[in-house]
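# Coordinate inspection notes
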Amino acid sequence: MGRDPPVVTVTPPRPAVEAPAGPTGGAPGPLARVLRAVPVPLALIVMIALAGVVLGRVYADPLLTRLMAGAAVGSVLVSVAARRLPSWLVAPLSVAALAGWALLSLRLAAGHAALPGGLGEVAADAARNAIPRLLTAMIPVEPAPDTVLVPVVAAWLAGLAAAEVALRAGRVLLGYLPPVLLYAGALYVVGPNAGPAVGPTVLFAAVAAVGLAVPGGRADPAGADPIAGLAPAVRAAVRLRLLAASAAGVAVMVALAALLAPVVAGQVDDRPVDPRRYVEPPQVESLDENPLIRISGWALNPDQKLLDVRTEAGATDAAPPRIRLAVLSDYDGVTWRVGATYRNAGRILPATEPAAGTTTDPVRQEITVADLTGRLLPAVPTPHEVTGARVAYDPATGTLIRPEGLAPGLRYTVASVRERPDMNLISTANVPAGDAVARVLRVADGAPEQMRRLATQLAEENGAPYARAAAIADFLAEHYRVTADAPSGHAYPNLAFFLFGPRNGGGQRGTSEQFAAAFAVLGRLAGLPTRVVVGFEPKADGPVRAADAYAWPEVLFEGVGWVPFDPMPRPHEEPRPVEEDFRPKPEDPPPSEVPAPTVEPTATPPSEAGPDRRGGQAGPGTPVLVGGGVGALVLLVGVLLLALAVLRRKLSRGRLGHGDPGRRIAGAWRELTDALRLAGHPAGADLAAAEVAEFARRTLAEAQAADGGPVDATADQPGGAVDELAALLNQVGFAPGSVTTEQAERAAALAGEYVSALRHARARWRRLLWRVHPGPLRWRR
């Protein structure tokens, strides 16, 4: 008997009801989706681009602003295009795009700055030096690879982070954090070097508000209220909580505004902090700080080829212009120094307005380096464009350097504006005074009395500033002789010997070093603001040799500017004896009549400063609180003494072990003079090195005699070795480039032996205080 087949019931499908599309309800149309998706990415792009606008205010060209705007567009669009990809894949894609945009930016910046070298070399150099060069660059900053790399990368990364948080995660307010930080960083880097960024800041806030106000994020396909399906009681509770949260948020914002508004308002008129003060600008060696001492060496090798110069068409003079190497404005009685603060500069240098009535001539030269060494870059004053070499510039002196140093074969082009002052204005012009020119009016202590009387005599006979300057130049030109074999040196003793030394004993002759330095010092003694310039005076285009090296003085006149003077003797003119126009009186008494340096009494006797022995009689019943306080005080004193000992040791190591040999020898001398002060016998500031050595030897002998120990009298002992240390110091002062590392080590050993011997001649408790005395840390160097 068979079984019946199963019965299958089929229910016919209901016709689908299409939901209305477009603006009438249901899913939004394509246009609506685009309009809802655009505002937030556009706001992010504009906010990041505004950071580029703010930072671009300290740049000499809008290239940086364009590159940062491009980085903003690229970073946000990459994130928008990759929204459907996994989040872990977006960052590698964006970084790859960043690498491409960064390389394109570096190429554009290198072409704009006319930098030599391939893209790989330029990119590697920019990656190594981007941050320090950005913070040491001169304002306005020229867009170059090393000054655009960091802002472009920062803009791209800010766009990437903001787009991922605001678009993918839907946290628009949190996504604003990277652009806000980028904008704040741009304001900080600009600092006080531009005016307040009121317009960009207002626009930044307005764009951010628009991005928050426009609905965004993923839309509900049904277009329904997300809490519409809840029970009425639950729906009311949810809405009440949302209302309470909104009210609390508004209250917090109002409270923050009330608390922070006075603080922010008080900072509006304050000068912003310049981050460049925290970064050390490029430094130079001693020969570049004082190139005046190189004149005598060049005079002895006149045929040495230093440069090759080609002046392009456009100069109005047939004779080639002077080429300036450095401007020396600071003089301490021993050395003339540049004293410049160099800032990395681009191809275009800051423009300077010439004085009224000054005639200017454009000069363009192509210079090739031969045997010239150092970092100083020669150029006709005043340079305003340099191509072919990366430079750093000091606007105050107009001195250029190449931080990497000069190399044979280096070729660069300099465009300069040569100024010619109106000679009709100079004769009646006055000289400036005040703090602005105190640097070029300062006369170092210890000027010889003969030089002072000579300057006074020349000033009294010539009232007007120009007449005084011309009288000094004429006096030097008429009474002194130029010789190539004159020794280098322009300290007060050297200049006094040059001016007043016996002619048959080597005096009254020198190189342009002594002529220019003597003019500058006499001019300052006569109330004239002066400086010394070192450079070259080529006879024609082509090779510039050591014989063309030249130093000349300049005087600053109001309304005219710096005017060069020529104190050099005229060719084929025999100098007149100095005694015909100036009869110096004896300056120093005979050596037997020189009074011995006064010796200050020593400090309080040990018995008055010794430890209080009665403190040991305290019984065990001392309260715990007092004992704890005493212990804390002892611990604090111990920590303080330990810190002082560490700082003293670090100071001595820095003096004796760091820097070039000349600086280390000077540090050894400071160790000796500090030891004399610690022993209660400071050396007089007006004593020469040999006199200080004699005083130090006598001080040690007296201390050892008072201590009952043997007296060091021979040159091999610490008391006698100070003469050798004084000789090394004189060598540094008069021939700084001639000292060696071995001599610096010898000076450190001599100073250590003397300090140790003097310390051991003291009482035991004074030896302990010697190492922790804070005096050397605060005494002026």
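Starting afresh in each chain, residues are numbered from 1 along the sequence in its written order. Residue-level local features of this predicted model are given only where pLDDT is at least 70; pairs of side-chain atoms are given and counted only at 80 or more, and the full residue set underlies all totals for whole chains, interfaces and linings. Neither water nor hydrogens contribute to the side-chain values; these are computed over all heavy atoms in the structure.

## Remarks on unusual backbone geometry
For the peptide bond that leads from isoleucine 139 to proline 140, omega is 0°, which places it in the cis range. What counts as a helix is a DSSP run of H or I of at least four residues, what counts as a strand is a run of E of at least two, and both are numbered from the N terminus. With respect to the element layout, proline 140 can be found in the loop between helix H5 (119-136) and helix H6 (145-168). A cis geometry characterises the amide bond from proline 381 onward to threonine 382, with omega recorded as 0°. Following the sequence through the fold, threonine 382 ends up in the loop between strand E6 (359-369) and strand E7 (383-387). The phi dihedral of glutamine 508 is positive, around 60°, even though this residue is not glycine. With phi around 65°, histidine 572 is a residue other than glycine that occupies positive phi space. Mapped onto the fold, histidine 572 is located in the loop between strand E16 (561-564) and helix H19 (606-609). Note on exposure labels: buried denotes an accessible area under 20% of the residue type's maximum, exposed denotes more than 50%, and partly exposed covers the range between, all computed with a 1.4 Å probe on protein chains only. The exposed category is assigned to histidine 572, whose relative accessible area is 87%.

## Quick word on the side chain of arginine 390
Residue placement: arginine 390 occurs in the loop between E7 and strand E8 (391-394). In protein, a polar contact means a hydrogen-donor-capable atom and an acceptor-capable atom, both N or O and within 3.5 Å, with residues adjacent in sequence counting only if both atoms are side-chain atoms; elsewhere, any N or O pair within 3.5 Å suffices. At a separation of 3.0 Å, a polar atom in the side chain of arginine 390 contacts the side chain of aspartate 125. In terms of polar contacts, arginine 390 uses its side chain to reach the side chain of aspartate 146, at 2.6 Å. Contact between two residues is taken to exist if any of their heavy atoms lie within 4.5 Å; hydrogens are not considered. Sequence-distant contacts of arginine 390, defined by excluding residues within four places in its chain, comprise Leu115, Asp125, Arg133, Asp146, Ile401, Arg402, Pro403 and Glu404.

## Side note on the sheet that holds E7
Only strands joined by at least two bridges in the DSSP assignment are considered to pair. Judged by pairing direction, the sheet is antiparallel, and its five strands sit side by side in the order E7-E10-E6-E1-E14 without closing on themselves. In this open sheet, the two edge strands, each paired with only one partner strand, are E7 and strand E14 (542-545). Within this sheet the neighbouring strands show an average axis-to-axis angle of 30°, counted without direction. Pairing between strand E1 (residues 305-311) and E14: four bridges, direction antiparallel. Geometry is summarised by axes, namely lines fitted to C-alpha atoms with helices restricted to the contacting stretch, and by angles between N-to-C directions that run from 0 to 180 degrees.

## So, the side chain of arginine 468
Along the polypeptide, arginine 468 turns up in helix H16 (residues 465-479). Of the side chains bearing the opposite charge, glutamate 558 lies closest to the buried arginine 468, which forms no salt bridge; the N-O distance is 11 Å. With sequence-adjacent residues up to four places away left out, arginine 468 is seen in contact with Leu458, Ala459, Asn462, Gly463, Ala526, Gly527 and Leu528. A residue counts as positive if it is Lys or Arg and as negative if it is Asp or Glu; His and the chain ends are not included. Salt bridges are defined as contacts in which a side-chain nitrogen from Lys or Arg sits within 4 Å of a carboxyl oxygen from Asp or Glu.

## A short note on the packing of aromatic side chains
Each pair of aromatic rings taken from Phe, Tyr and Trp, with Trp reduced to its six-membered ring, is defined by centres within 6.5 Å and is described as stacked if the planes are under 30 degrees apart, edge-to-face if over 60, and tilted in the remaining cases. If you walk through the whole model with that rule in mind, you get 12 aromatic pairs. Ring geometry for tyrosine 466 against phenylalanine 557: centres 6.4 Å apart, planes inclined by 55°, an arrangement best described as tilted. In this pair, tyrosine 466 is assigned in helix H16 and phenylalanine 557 in strand E15 (residues 549-557), connecting sequence segments 91 residues apart. By relative accessible area, tyrosine 466 is classed as partly exposed at 26%. On the basis of relative accessibility, which here comes to 2%, the residue phenylalanine 557 falls in the buried class. One Lys or Arg, arginine 322, reaches over the ring of tryptophan 552 and ends 4.6 Å from the middle of that ring. In this scheme, the term charge over a ring applies when either NZ of a lysine or CZ of an arginine sits within 6 Å of the ring centre and within 35 degrees of the ring normal. Sitting above the plane of the tryptophan 562 ring, arginine 531 keeps its charged end 4.1 Å from the centroid.

## Thoughts on the sheet that holds strand E13 (residues 530-536)
As summarised here, the arrangement of the four strands in space is E2-E13-E15-E16, forming an open sheet in which the pairing is antiparallel. Each of the sheet's edge strands pairs with one partner strand only, and the pair in question is strand E2 (323-328) and E16. Sheet twist, expressed as the average angle between the axes of neighbouring strands with direction ignored, equals 35°. With seven bridges connecting them, E13 and E15 associate as antiparallel partners.

## Side note on the pairing of E8
Residues of E8 alternate between two faces, with Val391 and Tyr393 on one and Ala392 and Asp394 on the opposite face, all of them buried. Where strand E5 (residues 343-345) lies against E8, three bridges are found, and the strand directions are antiparallel. Bridging across to E8, alanine 345 finds its partner in valine 391. Between the antiparallel neighbours E8 and strand E9 (residues 399-401) lie four residues, among them glycine 398 with a positive phi of about 75°.

## Thoughts on the pattern of salt bridges
Under the counting rule described, the total for this entry stands at 27 salt bridges. When salt bridges that share partners are traced, they join Asp125, Arg128, Arg133, Asp146, Arg390 and Glu404 into one network.

## Some thoughts on empty space enclosed by the protein
Cavity means a closed set of points on a 1 Å grid over the protein atoms alone, one where a 1.4 Å probe fits but cannot get out, pocket means an open set with protein on both sides within 12 Å along at least 5 of 7 lines, and lining means a residue has an atom within 4 Å of a point. Grid points are joined across faces, edges and corners, and a volume is the space filled by probe spheres set on the points. Within this structure, the stated rule accounts for three cavities of 30 Å³ or more. Of the pockets and cavities examined, the largest cavity occupies roughly 190 Å³. Ala144, Ala345, Gly346, Arg347 and Arg390 are the residues nearest the centre of the largest cavity, which is lined by 22 residues in total. Mapped by element, the contributors of at least two residues to the lining of the largest cavity are H6, E5 and E7. In the lining of the largest cavity, the residues fall into 12 nonpolar, five polar and five charged. The space that makes up the second largest cavity amounts to roughly 50 Å³. Lining the second largest cavity are Arg324, Leu325, Ala326, Leu377, Pro378, Ala379, Pro383, Gly398, Thr399 and Leu400. Elements represented by at least two residues in the lining of the second largest cavity include exactly E2 and E9. Here the term charged refers only to Asp, Glu, Lys and Arg, the term nonpolar to Ala, Val, Leu, Ile, Met, Phe, Trp, Tyr, Cys and Pro, and the term polar to all other amino acids, Gly among them.

## Quick look at the environment of histidine 681
For histidine 681, the position within the fold is in the loop between helix H21 (661-678) and helix H22 (689-707). Separated by 15 residues in sequence, histidine 681 and alanine 696 place their C-alpha atoms 8.7 Å apart.

## Structural notes on the pairing of E13
Most of E13 sits inside the fold, with seven of its seven residues counted as buried. Taken together, the five bridges between E2 and E13 define a ladder with antiparallel strand orientation. Paired with arginine 324 across the strands is glycine 535, a residue of E13.

## Details of the environment of glutamine 731
Relative to the elements of secondary structure, glutamine 731 occurs in helix H23 (residues 718-734). Residue contacts for glutamine 731: discarding those within four places in its chain leaves Pro736, Ser738, Val739 and Gln743. A polar contact of 3.1 Å, which involves the side chain of glutamine 731, links it to the side chain of serine 738. Within the structure, glutamine 731 has its side chain in polar contact with the side chain of glutamine 743 (distance 3.4 Å).

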